[in-house]
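Overview (structure and organization)
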Amino acid sequence: MSVKKKPLVVVTRKLPDSIETRMRELFDARLNLDDTPLTSEQIADAVRSADVLVPTVTDEITEALLKQPDCKLKLIANFGNGVDNIDVVAAHARGITVTNTPKVLTEDTADMTMALILAVPRRLIEGASILTDGKNWPGWSPTWMLGHRIGGKRLGIIGMGRIGQAVARRARSFGLSIHYHNRRPVAPRIAEELGATYWESLDQMLARMDIISVNCPHTPATFHLVSARRLKLIRKDAYIVNTARGGVIDEDTLIKLLETGEIGGAGLDVYEHEPAVNPKLVRLAKAGKVTLLPHMGSATIEGRVEMGEKVIINIRTFLDNHKPPDRVLPSML
C-alpha cells in the first residue's frame, strides 16, 4: 500500500516548539530553526516548491513572487493578523488562498497599548533610566520628574475594532473618557457599554483629544492616515500611541513635531520602515520625548501558541478541501 505524500509546508520563521512539533507530525514541514529571516531568493524558492507557505509580518509576498511561472503555492497561511505583507489581490487572482490568525492577539495588544498610554504621560521609561543608566538620583523631590495624570483625560481611538474596543475597556477603568473614529459607528450596545463618543471626522477628533491611540489595520486606505496635516491638528500637550502599524502615521512629520515640542510625546511599538528605526527617534527617546518598544505588543507565549494553532487549523481545513475558517479575501481589506 502506498503512503500518501505529505504536503510541503515552508515556515519562514522560528515558531513555538509545540507548534513546530505538531507541524512535523502533520506535514512535510520545512522549518527555520535558527530564525534567520529568509532572503528574497529563498522566499521565491519556497513559492516555487511549497504547497503551503507560512510567512510572518517580516516577509513580503509580492505580486512578482506570485507571478512566477513555476509558482506551486496553493495556500499562504499567514502567521499574523495583519496581511499587509501579502499581495492578497495577486494571490486571489492566481487562485492562491490566503489566511490569517485573527481574534488571538486582541488582549495582548490592548495590554501593551494601555501600558504605553500609562508610560508616556507618567514618564516611566525616562524615570527608570535614571536608576539603570548610571545617572545620579538625588532622591525624592516634590517638583522632579513630573508627568500628567490620565484620569479625566480624553482618549481618541483610531480604529474601533476588536483591539480598539479592548483598549477602550481598559482605559475606561482608568478614568479616561472614550472617543473614537471608525469607518462606521459601533453597535449602540457597545457604544453604551464603553461610554464611547463617535467622531465621523478624524480631523475634529484629533484636535480635541489628550491622548490618541492608533489601533486600525494597515491597508492602502490607512497608509499615512495620520498624515502631516492631521498630525499638526494635535494639541501641543497631547500624546499619541501606536501599536498598529508604523505606516499609519507619517513618521517623518511626527519626528519633526516631537523635536520642536509641537506634540507632547509619543509611545511607539511599530515603525514605518521596520526593522529600521529612525535614529532621530532614538535620540528623542534618550531625551525623554518618546517611548520606543521593539514591536512587542503581541509578544506573549500564549498568543504565539494560539497563532500557531490557528495556522495549523487553516492548513488542515484547506487540505481537507474545506473553506479555511480564517480566509482573507480582497473585498475584506
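Residues numbered from 1 in each chain as written. Predicted model: local features only at pLDDT ≥ 70, side-chain atom pairs only at ≥ 80, totals over all residues. Heavy atoms only, no water.

Describing the environment of Pro324
If you trace the backbone, Pro324 turns up in the segment after α13 (301-319). Of the residues examined, Pro324 reaches a relative accessible area of 6% and is grouped as buried. Considered as a pair, Pro324 and Ile234 are 90 residues apart in the sequence and their alpha carbons are 42 Å apart. Discounting residues that sit within four places of it in the chain, Pro324 has contacts with Thr97, Thr99, Asn314, Thr317 and Phe318. (Helix = DSSP H or I, 4+ residues; strand = E, 2+ residues; numbered from the N terminus. Buried < 20%, exposed > 50% of the residue type's maximum accessible area, 1.4 Å probe, protein only. Contact = heavy atoms within 4.5 Å.)

Examining helix α1 (residues 17-26)
Among the residues making up α1, those that are buried are Ile19, Glu20, Met23 and Leu26. On an axial view of α1, the arc spanned by its buried residues comes to 130 degrees, and they lie on one face. Elements in contact with the buried residues of α1: β1 (8-11), β2 (28-30), β3 (52-54) and α13. (Arc of directions from axis to C-beta.)

Quick notes on the side chain of Thr97
Take Thr97: it is sitting in strand β5 (residues 97-99). Setting aside residues no more than four positions away along its own chain, Thr97 makes contact with Lys74, Leu75, Ile76, Phe318, Pro324 and Arg327.

Remarks on the sheet that holds strand β4 (residues 75-77)
Spatial ordering of the open sheet is given by β2-β1-β3-β4-β5, a layout of 5 strands whose pairing is parallel. In this open sheet, the two strands that pair with only one neighbour each are β2 and β5. Looking at each pair of strands side by side, their axes are set apart by 15 degrees on average, direction ignored. Judged from the 3 bridges that link them, β4 and β5 form a sheet pairing that is parallel. Bridge pairing links Ile76 to Val98 in β5. (Pairing = 2+ DSSP bridges. Axes fitted to C-alpha atoms, helices over the stretch in contact; angles between N-to-C directions.)

Notes on the packing of helix α11 (residues 251-259) against helix α12 (residues 279-286)
Remark: α11 packs on α12, axes separated minimally by 10 Å, with the N-to-C direction vectors making an angle of 30 degrees. One element, α11, and the other, α12, form an angle in the roughly parallel class. Crossing of α11 against α12: the hand is left-handed. Contact with α11, carried on its side by Glu251, Ile255, Leu258 and Glu259, involves Lys280, Leu281 and Leu284 of α12 and no other residues of that element. Its residues assigned to classes, the contact of α11 with α12 comprises 4 nonpolar, no polar and 3 charged. (Parallel < 35°, antiparallel > 145°, perpendicular 65-115°, else oblique. Left-handed = near helix turned anticlockwise from the far one by under 90°. Nonpolar A, V, L, I, M, F, W, Y, C, P; charged D, E, K, R; others polar.)

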